[in-house]
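# Structural characterization, general
Here's the letter readout for the chains.
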Amino acid sequence: MKNTILQVRDLSIVYDTPFGMTHATAGVTFDVKRGESISLVGESGSGKSTVGLAIAMALPPNARIVNGSILYGDVDLLRLEEDERRRYSGREISAVFQDPLATLNPLFTIGEQMTDVLMSNLGLSKEEAFKRAKEFLKKVGLTDPERILRSFPHELSGGMLQRVNIAIATSTKPKILVADEPTTMLDVISQAQILELFEELKRDLDLALLFITHNLGVASKIADRIIVMYAGTIVEDGPVDDVLSKPLHPYTVGLLDCVPRIHVKEKRLKSIPGFPPDLSRPINGCPFADRCNEASDVCRKTKPELIEVVPGRRVACFKYKR
Amino acid sequence: MDRSEAKTMMSEVKALFTLMRKNIVAMVGFILVVAFFVIGIISPYILTRPEDAWGSTFNVSARYLPPSWEHPFGTDEFGRDMFNRVILGARFSLIIAVGVVGLALVLGVPIGLIAGYSGGRLGTILMRLTDMFLAFPPLLLAIALAATLGRGLANAIIALALSWWPWYARLVYVQVNTVKNMPYVDAARVLGLDSFTIMFRHVLPNALTPVVIQASLDMGSAVLEAAGLSFLGIGVQPPTPEWGLLVSEGWQSINVAWWISFFPGLAIVTTVLGFNLLAEFAREFMDPRLRITMMAKRWFK
């Protein structure tokens, strides 16, 4: 496909911990098309952030790549040397993280930090960098860019800071933006505004957006496509409307059932019984088998492959045939 | 953008003075330290009896004179004016304080930074080397080094700095290890900044606050330890009017002429006190977040 800009292939990453290995992702495969926005959805420990960090080339030092590749064009991002990596980090692939305050250096003004990135990535002069910084602060909806540039991070509110982070990440005009739960720490109003902002930027800058979230509401608002992850594997992948209205995988069904509905009276919130599997051991069968009420013997013994059931919709469950 | 930079500088200086004016302890520390630096720098040019100060005279008729208008700090056993000698002594103590702490920082900070940032085998080797130095009691190490290197001002400074840098290396190492896992360091890497910028813009400045405080405290300790070396006879040599040496020269006649040891001792105490008071303030000033809360607290009082 000529429109594909990023190919994640069979990505398996483990974390080395003092207590042994944790299998964070196991054989994750998907493509990102130009200008597409994808939501990676899953609960804590599903490996969604690991996938995001791997694409942003920001895996922590104890992460080990067991298998797989992330192809950006012909380049495997997982096997770049440090100085090669810098040609892609920031310029081609950028990222926004969860905590807007912690991701900014407390000792320097926003202006200094923005121009640092612009000067180092694009080789702009100081004047040009300031001009560009101002332009992007306006683009993300901050009305007084002059003041923002002179401010220290602690002087701005969370919503403003996340806008600043988005401005920094997009000011180099990257092709791909990884957003790792960028609205989780914001209040609902700011959340809605930030989501709108992402949509705008995506349109204006032709960004492919990889939006990582555990919030299905957020995912449905921002994404063209949803990828549901469970225990380090993709269980379902498809266009947003299809996945939300006709979920195929029992896990997705369960997940959607847990979303409280405003017009249905319920005494208790629903939840999926049981716990996610222990990731320190390799899983033989379907990772969801223990919690699935449709599971059969084959589910516990062999791992279901992610198959394309209809064009554009993939699911990893024995219930479905190619 | 030079104008805006100048403006930021000005606002920094203004913030410094706003805070200082409202903090009497910091003010006192600041004044003491500034006085120490100023006197240390200009002392050779303001002496009323330079030949007494440098110690080349012997005036039998003026021996052991108590403090008076003519000799505010009295005179010593050679009839030299103690006031002039103490004033000139500030210069040597200043050279020692700045020299020792400066040299120790130059050695310790890069080692700690490299060890902490790169980690791995290089980090381990550098830190074990540091531990080797830390295994000796610092003053003992300094005495041994000073005795080996030979007497004199420069050797005393080198000896003290060599026994001192491991503390900075450790401190920086620990700080860098904390800071390098901060989200803003990860973010900087994701945004494509080079290691050099990350190290000097993100890691080092955020790791440096406790180092600066430690260094300003150590300025006082350096004066004290150099005085100790001189007192033991292995530091600066007479007739140089170094404060520690002046104290030790007056030691034998303390019963008849207390002023010979007292005034240089007072100078040491005052200087050390000044640095300690200022160090307290430095911590609050160096962190922009604390600075704001500090200013706010004073405004709303």
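Residues numbered from 1 in each chain as written. Chains lettered and ligands numbered in written order. Predicted model: local features only at pLDDT ≥ 70, side-chain atom pairs only at ≥ 80, totals over all residues.

Threshold: UniProt positions are given in the numbering used here, feature names are shortened, and annotations may be inferred rather than shown by experiment.
Going by an unreviewed UniProt entry, chain A carries the name ABC transporter ATP-binding protein and comes from Thermofilum adornatum. Database annotation for chain A, UniProt heading Subcellular location (unreviewed entry): "Cell membrane".

## Brief notes about the interface of chain A and chain B
The extent of an interface is frequently quoted as the accessible surface area lost upon association of the parts. Which entries qualify depends on this criterion: Residue pairs qualify as contacts under a 7 Å threshold applied to their C-beta atoms, which are placed from the backbone. Secondary structure elements follow DSSP: runs of H or I of four or more residues count as helices, runs of E of two or more count as strands, with numbering from the N terminus.
On the chain B side, the residues contacting the 27 residues of chain A number 19 residues. Looking at the side of chain A that touches chain B, the elements that each hand over two or more residues are strand E6 (93-96), helix H3 (110-122), helix H4 (126-139) and helix H6 (158-170) of chain A. Broken down by element, the side of chain A that touches chain B gets its largest block of residues, 4 residues, from H3 of chain A.

## Some details on the sheet that holds strand E3 (residues 37-41) of chain A
All names here are of chain A. The test is simple: The pairing criterion is simple: DSSP has to find at least two bridges between the two strands. Axis geometry follows a simple rule: fit a line to the C-alpha atoms, using only the stretch in contact for helices, then measure angles between N-to-C directions, giving values from 0 to 180 degrees.
One open sheet holds the 8 strands; their spatial order is E6-E7-E8-E3-E9-E10-E12-E11, and the pairing between them is mixed. What marks the edges here is a single partner per strand, and that holds for E6 and strand E11 (307-310). In this sheet, adjacent strand axes meet at a mean angle of 25° when their direction is disregarded. The sheet contact formed by strand E9 (residues 225-230) and strand E10 (residues 233-239) spans 6 bridges and is antiparallel. From the neighbouring strand, tyrosine 230 faces E10, where its bridge partner is threonine 233.

## What about the sheet that holds strand E4 (residues 63-72) of chain A?
All names here are of chain A. With respect to topology, 4 strands assemble into an open sheet ordered E2-E1-E4-E5, the strand pairing being antiparallel. The open sheet has two free edges, formed respectively by strand E2 (20-33) and strand E5 (75-76), since each of these has just one partner strand. In this sheet, E4 lies alongside strand E1 (residues 4-17) in antiparallel orientation, the contact comprising 8 bridges. From the neighbouring strand, valine 14 faces E4, where its bridge partner is arginine 64. In this fold helix H1 (residues 48-55) packs onto E1, E2 and E4, with an angle of close to 115° to the strand it touches most, E1.

## Describing the packing of H6 of chain A against helix H7 (residues 188-205) of chain A
Residue and element names in this part refer to chain A. Cut-off, in case you're wondering: Angular relationships are summarised with four words: roughly parallel below 35 degrees, roughly antiparallel beyond 145, roughly perpendicular across 65 to 115, and oblique for the angles in between. Crossing chirality is assigned from the near helix's rotation relative to the far helix, an anticlockwise turn below a right angle marking it left-handed and a clockwise turn marking it right-handed.
One way to put it is that H6 packs onto H7 with a least axis distance of 10 Å and a crossing angle of 15°. Judged by the angle between their axes, H6 and H7 are roughly parallel. Once H6 is placed against H7, the crossing between them reads as right-handed. Residues Gly158, Gly159, Gln162, Arg163, Ile166 and Thr170 of H6 form the contact with H7, whose participating residues are Ser190, Gln193, Ile194, Leu197, Leu201 and Leu205.

## Focus: the environment of leucine 177 of chain A
Within the secondary structure, leucine 177 of chain A sits in strand E7 (residues 176-180). For leucine 177 of chain A, the contacting residues outside a window of four places in its chain are Ser94, Ala95, Val96, Ala169, Thr170, Leu207 and Leu209 of chain A.

## Remarks on the packing of helix H9 (residues 195-232) of chain B against helix H10 (residues 243-250) of chain B
All names here are of chain B. Where H9 meets H10, the axes come as close as 7 Å, and the angle between the chain directions of the two elements is 40°. Of the possible angle classes, the one that applies to H9 and H10 is oblique. Viewed along their axes, H9 and H10 form a crossing whose handedness is right-handed. Across the interface between the two elements, Ala226, Ala227, Gly228, Leu229, Ser230 and Phe231 from H9 touch Trp243, Gly244, Leu245, Val247 and Ser248 from H10.

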